[in-house]
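Close look at the chain arrangement
This is what each chain is made of:
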Amino acid sequence: MSTDDTPVPVEEGEEYTVEIADTGEEGDGVATVQDFVVLVPDAALGERVTVRIDEVQEDFARGEAVKSESDVS
């Protein structure tokens, strides 16, 4: 399946609330936004976080967790 014509559903600087569904090879948390992979350093498996997107590549994005579910009151 080619993603060449599929628009990337995330943008640098934007925030998204995601659930960490897996752990990557280098220990990053792995989440998705509309089936698009987002890597989140220092996020734990099963954690729900708000992530700010720092970098967008063709097949994935990297972001920083700015808030975890436990921070929300």
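These remarks concern the structure in this document.

The rules we used
Residues numbered from 1 in each chain as written. Predicted model: local features only at pLDDT ≥ 70, side-chain atom pairs only at ≥ 80, totals over all residues. Heavy atoms only, no water. Pairing = 2+ DSSP bridges. Helix = DSSP H or I, 4+ residues; strand = E, 2+ residues; numbered from the N terminus. Core = buried A, V, L, I, M, F, W, Y, C linked by side-chain atoms within 4.5 Å. Buried < 20%, exposed > 50% of the residue type's maximum accessible area, 1.4 Å probe, protein only. Contact = heavy atoms within 4.5 Å.

Ordered by their spatial adjacency, 6 strands build an open sheet running S1-S5-S6-S4-S3-S2, and the pairing between neighbours is mixed. The open sheet has two edge strands with one neighbour each: strand S1 (15-19) and strand S2 (22-23). Direction of pairing for strand S4 (residues 36-40) relative to strand S6 (residues 60-68): parallel, over a ladder of 3 bridges. In the sheet register, Val37 faces S6, and the bridge partner there is Phe60.

In this structure, Val10, Tyr16, Val18 and Val38 are the most contacted members of the largest nonpolar core, which totals 14 residues. Of all the secondary-structure elements, those providing two or more residues to this core are S1, strand S3 (29-33), S4 and strand S5 (48-56). In this structure, Val10 is in contact with Tyr16, Val33, Phe36, Ile53, Val56 and Ala61, ignoring residues within four places of it in sequence.

Moving on, we come to the pairing of S5. Sheet topology places S1 next to S5; 5 bridges connect them, and they run antiparallel. If you follow Glu19 over to S5, its bridge partner there is Arg48. Of the strand pairs in this sheet, S5 and S6 are connected by 7 bridges, and their pairing is antiparallel. Pairing of Glu55 across the sheet is with Arg62, part of S6. Linking S5 to S6, which pair antiparallel, is a turn of 3 residues.

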